[in-house]
Amino acid sequence: MPPPRSTTRVRIHPLGDTALLAELGTRLDTALNTRAIALAAALKKRRDVRQAVAGYATVTVHFDPDQTTHEALGSAIKRLATKRPPMEEPGRLHRIPVVYDGPDLESVAGALGLQPQAVAEIHTRPIYRVFLVGFVPGWAYLGPLPEELAMPRRDVPRTLVPAGSVAIAGRQTGIYPLATPGGWHLIGRTSVKLFLPDSDPPSLFRAGDRVKFFGVRP
Amino acid sequence: MTDLLRVVDPGLYTTVQDLGRPHAISSGVPPGGAMDRFAHSAANLLVGNDIGAATLECTLIGPRLVAEAPCLVAVTGADCELLINARPAPMWSGIFLSTGDELHFGARRSGARMHIAVSGGVAADRWLGSLSTNVIAGRGGMHGRPLMSGDVIAAVAERSGPGVSGRELDPHLRPDYSNHTLGVIAGPHMKRLDADGRAALLGSTFHVSRDADRMGYRLDGATLRAAGDELLSFGLVAGALQVPGGGQPILLMADHQTAGGYPVVAVVVSASMAIAAQLVPGDEVRFEETTIEAALRVRRERRAALDSLRS
């Protein structure tokens, strides 16, 4: 028997008294993410919703408790989520130049039994999806990363990762928009600015966008 | 804009804050804004401002300010000695300053953050719809940084409301900042804690560690073990109690990371966040499960207390 369609199963969890988490699923899945983004967009139009942010497979909803209740909003979300999401328009495509000379490139290649240039070649192969923008300003969770490059995070995170570092962890890849601590493996760097403080929105990538990396010489 | 206050000494960490920029969360920008929204709102109302006007949020050691022009100010929040020209002055009260008057702080008895409002609202850089300071981006507030000596605080507008000094918020209408029991609602991943873990979360005393700032507080105390698979990252909220792999819980505050994948075992209710904002490293803190109805009731009471200042 095929697994039941997940479209009707939305779990609503309170996040305190003024927010809730709508969970559409628990898998890293493009279709689930598409539905989460569509649901967040639909919820943002409601007067009782202050903000709705899509995660991989969830929507975090901040609401005005004077205008609605957890129950009423939860029911509305379940109704909205059962609707077939509108045909997704392909997100904007960003082409990102990368110098593949990151400090972890050798160790990643060694751990995976690959040559460093093969790591770079495999990393440039897919068109990645922006699943989620968040964590720090301009950070985007991109994926899925090819299985051949999947590695757990570093045991000891770096206290400072330079801005522009291109990194991998698990089935994800991303670019550090700012110099921050970080536990991902650094395989390259880019000069493209991800965080645009003087633009609105201040992030180059938006959820649903597509990203293609290409290698360049230093 | 009128120059009102000159910063003689900025204090430990004084930033411009308003009610934050919630719409920027989807770009990964923290919502920011005043940590203690009650104290911030009360300070504004005491000087005749809207609650959304910007105030100065002071941390542990307040600034020394000199009035460049006559102005109405109010100081709320952490319990400390407020001094005008070296003489004690009341907190939670509108105070009229004459040109040359000096406002500074003596000993702090308890609490972490004071709010200083000026009539007309603190003028500052607007970034993504808010005057709040975001030091990571270097935007908003006083050019994206804490106050420095020599800065001058101007008001956005000429006095908007009636400029009445001596208006006061009754002590019994303020949150009980000495009660460090925070109300929580079970979070989406509460079930990842076993019975012992839940008992430790809701029954034991934690201490705010030294690793505590506007982003969040690491809490010392019981180690909480959250079972289960790694979670996919999701949008976070202020008040969320995250449990990372090491088991030391983190309470997310106003400048929190906007998304993450650690289990959220509980969320502090909105009315208790004013109390949380006033905790300092070493303070005891306990979590008590409450209901959404009870949380909203306290929220309404706090708003009624603020509304009493509008008349």
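Residues numbered from 1 in each chain as written. Chains lettered and ligands numbered in written order. Predicted model: local features only at pLDDT ≥ 70, side-chain atom pairs only at ≥ 80, totals over all residues. Heavy atoms only, no water.

*Asks:* Give me the interface of chain A and chain B: which residues, what numbers.
*Replies:* The interface is formed by 41 residues belonging to chain A together with 38 residues belonging to chain B. A combined buried area of about 3000 Å² lies between chain A and chain B, and 61% of that area is made up of carbon and sulfur atoms. Of all residues in chain A, Leu 15, Asp 17 and Phe 135 of chain A give up the largest surface area on contact with chain B, accounting jointly for 19% of the area buried on that side. Our enumeration of links across chain A and chain B arrives at two salt bridges. On inspection of chain A and its partner chain B, the count reaches 11 residue pairs in polar contact (both at pLDDT 80 or more). Residue assignment for the side of chain A that touches chain B shows that the elements contributing at least two residues are strand E1 (11–14), strand E2 (19–23), strand E3 (49–54), strand E4 (58–63) and strand E6 (128–133) of chain A. (Contact = heavy atoms within 4.5 Å. Buried area = accessible area lost by both parts, 1.4 Å probe. Salt bridge = Lys/Arg side-chain N within 4 Å of Asp/Glu carboxyl O. Polar contact = N/O pair within 3.5 Å; in protein donor to acceptor, adjacent residues only side chain to side chain. Helix = DSSP H or I, 4+ residues; strand = E, 2+ residues; numbered from the N terminus.)

*Asks:* Run through helix H2 (residues 195–203) of chain B, naming residues and quoting values.
*Replies:* All names here are of chain B. Those residues of H2 that sit buried are Gly 197, Ala 200 and Leu 201. The buried residues of H2 occupy one face: seen down the axis, they fall within an arc of 95 degrees. When the buried face of H2 is taken as reference, the exposed residues oriented beyond 90 degrees from it are Ala 195 and Asp 196. (Buried < 20%, exposed > 50% of the residue type's maximum accessible area, 1.4 Å probe, protein only. Arc of directions from axis to C-beta.)

*Asks:* Which residues make up the packing of helix H1 (residues 37–46) of chain B against helix H4 (residues 292–307) of chain B, and what values do they have?
*Replies:* Axes are the key here: two packed helices are described by the angle between their axes and the distance separating the axes. Residues and elements named next belong to chain B. Where H1 contacts H4, the axes come no closer than 10 Å and their chain directions differ by 20 degrees. As far as their axial angle goes, H4 and H1 are roughly parallel. Taken as a pair, H1 and H4 cross one another with a handedness that is right-handed. When H1 is examined against H4, the residues Phe 38, Ser 41, Ala 42 and Leu 45 are found in contact with a partner set consisting of Arg 302, Ala 305 and Leu 306. Counted by class, the contact of H1 with H4 contains five nonpolar, one polar and one charged residues. (Axes fitted to C-alpha atoms, helices over the stretch in contact; angles between N-to-C directions. Parallel < 35°, antiparallel > 145°, perpendicular 65-115°, else oblique. Left-handed = near helix turned anticlockwise from the far one by under 90°. Nonpolar A, V, L, I, M, F, W, Y, C, P; charged D, E, K, R; others polar.)

*Asks:* Summarise the side chain of His 185 of chain A; cite the residues concerned and give the values.
*Replies:* Residues and elements named next belong to chain A. Structurally, the position occupied by His 185 is in strand E12 (residues 185–189). For His 185, a relative accessible area of 7% translates into the label buried. Looking at His 185, its side chain comes within polar contact range of the main-chain oxygen of Pro 152, at 2.6 Å.

*Asks:* With reference to specific residues and values, describe the environment of Gly 150 of chain B.
*Replies:* Within the secondary structure, Gly 150 of chain B sits in the loop between strand E8 (102–118) and strand E9 (152–155). Measuring from C-alpha to C-alpha, the distance between Gly 150 of chain B and Leu 5 of chain B comes to 9.9 Å, with 145 residues separating the pair along the chain.

*Asks:* Outline the side chain of Gln 51 of chain A, listing residues and values.
*Replies:* Take Gln 51 of chain A: it is sitting in strand E3. Accessibility expressed as a relative area gives 4% for Gln 51 of chain A, which makes it buried. A distance of 3.2 Å separates a polar atom in the side chain of Gln 51 of chain A from the backbone oxygen of His 23 of chain B. For Gln 51 of chain A, the residues in contact, after removing those within four places along its chain, are Lys 44, Thr 60, Val 61 and His 62 of chain A together with Pro 22, His 23, Ala 24, Ile 25 and Ser 26 of chain B.

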